[in-house]
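Analysis of the macromolecular model
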Amino acid sequence: RSPSHFVQSESETPGGASACNITVFSRGKPLHISSQPRGGQQEPVRSGFVMKSTGQNALTGAFCLAFVVIVWGTNWLGIKDALSVSPPLFFTGIRLLGGALFVAAGCYCFGRTFRLGKVGRLRILCVGLLQMGCGLGLSLAGLQYLDAGRSALLFYTMPLWLVLIERAVGHRRQSLFELTALFAGLLGLLLLITEGGFGIFSGNITGIALLLIAAFCWALGTWIHQHGPSDTDIWSRIFIQLATSGGFLLLVSWLFEPSFDLARSPDLYGSLAFNCILATGVAFAAWYQALSDVSSRLASQSLVLVPVVALITSALLLGEEITVRVVVASLLISSGVILVAWGAPAKVQTHAETT
């Protein structure tokens, strides 16, 4: 009943090897898809139809990455403004719970069902609490003490900490290339945290410590996620991690932060809506769509632009000063992160991780 069918045939490759050709006929029009040598290496894809589809995927992935970088970069400014009236853990908890509701609504509209697998349940919860609970919660706590641009730069050092975790816990020996990248990143980090002289124990040390701990927690969560199987699909994992981490942070906020009445702060509604819908729900969807369209290595390298966007927008909109020292530190940290991502082994993604 379908208007399409395919035909398999034999032919000879330019090297003289026998090959299996797959030709798809759509409504009577032949579309040559691939040529697979018998016992040899696969020939390049020759179909204009497939090339067009690949180009469209790459364009979609690039658009999604640009959206994520711009939203996550500029969001540091909005959060900085919101923290002037809201406690950081309370704001993060509401943001995560709102993002979970948005993800649930989106999955319902597209006919997806949540399914918690039997393998790696505890690992999913631990990764969520480390990355979204501790990582995002502590990063916002640190943002209270520093400007938005420098805070973003400190938080996005997480790939550098992942290298150290792999060496200390996983006992993986890094190559000279990775060690050079790590040295460049740590040198930039040293320049950044000692800005204004070597008075590292200044009033900013609390913010610096909180942001570095947040980056370390995110990296540790990444390492735990990479070293264990899980049969739970990606959207179920995101929903579970957002919901549990948001609830955990609200509990901690209720125990330790000053009481806060959201109804008396209508100015926060816009920032919370932006964070729940765009910065969490839509941005996560765009991020995983990008991972299905481009390589994970390219996607990881593109995140280096998030603190760059935060630095530039904070200077333009908030008048934050960007010194030569900050520029050099940014270049060193960004170079280190890019080189770490480039030198890391490419990860083969499963279908569940990209849908």
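How each quantity is defined
- Residues numbered from 1 in each chain as written.
- Predicted model: local features only at pLDDT ≥ 70, side-chain atom pairs only at ≥ 80, totals over all residues.
- Heavy atoms only, no water.
- Helix = DSSP H or I, 4+ residues; strand = E, 2+ residues; numbered from the N terminus.
- Buried < 20%, exposed > 50% of the residue type's maximum accessible area, 1.4 Å probe, protein only.
- Contact = heavy atoms within 4.5 Å.
- Areas by Shrake-Rupley, 256 points an atom, 1.4 Å probe, with all protein chains shown as cover.
- Patch = residues over 30% accessible without salt bridge, like charges linked within 9 Å, V, L, I, M, F, W, Y side chains within 5 Å.
- Salt bridge = Lys/Arg side-chain N within 4 Å of Asp/Glu carboxyl O.
- Axes fitted to C-alpha atoms, helices over the stretch in contact; angles between N-to-C directions.
- Parallel < 35°, antiparallel > 145°, perpendicular 65-115°, else oblique.
- Nonpolar A, V, L, I, M, F, W, Y, C, P; charged D, E, K, R; others polar.
- pLDDT = per-residue confidence, 0-100.
- Phe/Tyr/Trp six-rings, centres within 6.5 Å; stacked < 30°, edge-to-face > 60°.

1. As for the overall build of the protein
Counting its secondary structure elements, the protein contains twelve helices and three strands. Scored against the burial criterion, the 355 residues of the protein give a buried share of 44%. Considering only residue pairs separated by 6 or more positions, the protein has 77% of its internal contacts joining residues 24 or more positions apart. On the protein, roughly 18,400 Å² of surface is accessible, and the fraction owed to carbon and sulfur atoms is 67%.

2. Let's talk about a nonpolar patch on the surface
Where nonpolar side chains cluster on the molecular surface, the patch consists of Leu-251, Trp-254, Leu-255 and Phe-256 and spans about 550 Å² of accessible area. Tracing the sequence through the fold places Leu-251 in helix H8 (residues 234-256). On the basis of relative accessible area, Leu-251 is assigned to the partly exposed category, the value being 45%.

3. Digging into the packing of helix H4 (residues 148-155) against helix H11 (residues 305-317)
Between H4 and H11, the shortest axis-to-axis distance is 7 Å and the interhelical angle comes to 170 degrees. Accordingly, the angle class assigned to the pair H4 and H11 is roughly antiparallel. Contacts between H4 and H11 involve Ala-148, Gly-149, Arg-150, Ala-152 and Leu-153 from the first element and Pro-307, Ala-310, Leu-311 and Ser-314 from the second. Considered class by class, the residues forming the contact of H4 with H11 number six nonpolar, two polar and one charged.

4. Points about the confidence of the model for the protein
Averaged over every residue, the pLDDT of the protein is 79; the share at 70 or more is 78%. Taken element by element, the protein is modelled with least confidence in strand E1 (residues 4-12), mean pLDDT 44, and with most confidence in helix H3 (residues 121-143), mean pLDDT 94. Contacts of residues 1-52 to residues separated by more than four positions or lying in other chains number 75 contacts, the stretch itself having pLDDT below 50. Counted against residues more than four places away or in other chains, residues 197-201, with its pLDDT under 50, gives three contacts.

5. Things to note about the pattern of salt bridges
In a structure, side chains of opposite charge can pair up when their charged atoms sit close to one another. Per the counting criterion, the structure on display carries one salt bridge. Note that Arg-150 is salt-bridged to Asp-147, the shortest N-O span being 2.6 Å. Note on Arg-150: relative accessible area 13%, which makes it buried. For Asp-147, a relative accessible area of 19% gives the class buried.

6. Details of the environment of Met-158
Following the sequence through the fold, Met-158 ends up in helix H5 (residues 158-168). Apart from the residues within four sequence positions on either side, Met-158 is in contact with Ala-215, Trp-218 and Ala-219.

7. Concerning the side chain of Ser-330
Tracing the sequence through the fold places Ser-330 in helix H12 (residues 324-343). Apart from the residues within four sequence positions on either side, Ser-330 is in contact with Leu-153 and Leu-311.

8. Considering the packing of aromatic side chains
The full count for this structure, using the stated rule, is eight aromatic pairs. Ring centres 6.0 Å apart and planes at 70 degrees place the aromatic pair Trp-72 and Phe-284 in the edge-to-face group. Taken together, the residues span a long stretch of sequence, with Trp-72 in helix H1 (residues 48-82) and Phe-284 in helix H9 (residues 268-293) at a distance of 212 residues. The class of Trp-72 is buried, set by a relative accessible area of 14%.

9. Some remarks on the environment of Val-340
In this structure, Val-340 sits in helix H12. When the C-alpha positions of Val-340 and Leu-182 are compared, they lie 7.2 Å apart, and in sequence the two are 158 residues distant. Not counting residues up to four positions away in its chain, the partners in contact with Val-340 are Pro-159, Leu-160, Val-163 and Ala-181.

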